[in-house]
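Letter by letter, the chains look like this.
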Amino acid sequence: MRKIKVHIADDHHILIDGIKAVLSSEDNIEVVGYSINGAEVLNWFKDNQADVLILDINMPKIDGIEVLQYFMKNDFKHKIIVLSSYDDAKLIKEVLKIGASGFLAKKCAAENIVEAINTVDSGKQYFSKSIQERLLATFIHKEVNNETPSQDGTFFSNLTPSEI
């Protein structure tokens, strides 16, 4: 069985240790390295390979956005899951635009990390449930704000209570 090689980039050792502990029980996943800042990530990938990079956005020296931009500019072919405590829809859209394969909120990383790795390794995108809800809420909010209000000033006057 092929093992998915994973590199973890986060500036908090406790988070790296936690992810490594969760992944240690998985037969098909192997943590092959970790970095505590963006410069270390770039240096590590010059001489090493991983199938999936788990990348924090907020890191010292070079942040995760700059790492993503560097990899995109240099045709980096590996899959990247952004791991962040920030779940702003604008940030999520931005990291996807510059090459991330998935987005995982730190608050639910332990319960979703294995599924996220397996999903992006198979070529699909992954969003944790909280991120899916955030994106959907943004989409719904935008759609509602673009509607024209009815004569009574509401957007939902033609909907039944259950439809609302």
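Definitions and cut-offs
Residues numbered from 1 in each chain as written. Predicted model: local features only at pLDDT ≥ 70, side-chain atom pairs only at ≥ 80, totals over all residues. Heavy atoms only, no water. Helix = DSSP H or I, 4+ residues; strand = E, 2+ residues; numbered from the N terminus. Buried < 20%, exposed > 50% of the residue type's maximum accessible area, 1.4 Å probe, protein only. Contact = heavy atoms within 4.5 Å. Areas by Shrake-Rupley, 256 points an atom, 1.4 Å probe, with all protein chains shown as cover. Arc of directions from axis to C-beta. Polar contact = N/O pair within 3.5 Å; in protein donor to acceptor, adjacent residues only side chain to side chain. Pairing = 2+ DSSP bridges. Right-handed = clockwise from strand over helix to strand, strands pointing away. Phe/Tyr/Trp six-rings, centres within 6.5 Å; stacked < 30°, edge-to-face > 60°.

## Details of the overall build of the protein
A count of helices and strands for the protein gives six helices and six strands. Mapped in sequence order, the helices and strands of the protein form the string β-α-β-α-β-α-β-α-β-α-β-α. Within the protein, buried positions represent 41% of all 164 residues. Here the analysis covers contacts within the protein between residues at least 6 apart in sequence; of these, 62% occur between residues at least 24 apart. As displayed, the protein offers around 9600 Å² of accessible surface, 51% of which is attributable to carbon and sulfur atoms.

## Looking at helix 3 (residues 64-73)
Here helix 3 has its buried residues at Gly64, Ile65, Val67, Leu68 and Phe71. Along helix 3, the residues classed as buried sweep out an arc of 160° about the axis, all on the same side. Turning to helix 3, the residues buried within the fold contact helix 2 (38-47), strand 3 (52-56), strand 4 (79-84) and helix 4 (89-97). For helix 3, the capping residue at the N-terminal end is Asp63, with a side-chain oxygen 3.0 Å from the backbone nitrogen of Ile65. One or two residues past the end of helix 3 sits Asp75, with phi positive at roughly 60°.

## Comments concerning unusual backbone geometry
A positive phi angle, near 70°, is found at Lys61, a position not held by glycine. Along the chain, Lys61 turns up in the loop between strand 3 and helix 3.

## Some details on the pairing of strand 3
Within strand 3, five of the five residues are buried, which leaves the element mostly enclosed by the surrounding structure. Summarising the sheet, strand 1 (residues 4-9) and strand 3 pair through four bridges and their orientation is parallel. Across the sheet, Ile8 pairs through a bridge with Ile54, a residue of strand 3. Note that strand 3 and strand 4 share five bridges and pair parallel. When the bridges of strand 4 are listed, Asp56 appears paired with Leu83. Between the parallel pair strand 3 and strand 4, the chain is carried across by helix 3, and the sense of this crossover is right-handed.

## Here we look at the packing of aromatic side chains
If you walk through the whole model with that rule in mind, you get five aromatic pairs. Ring centres 3.7 Å apart and planes at 15° place the aromatic pair Phe71 and Phe76 in the stacked group. The two residues Phe71 and Phe76 agree in class, both being buried. Among the aromatic side chains, those forming a connected cluster through ring pairs are Trp44, Phe45, Tyr70, Phe71 and Phe76.

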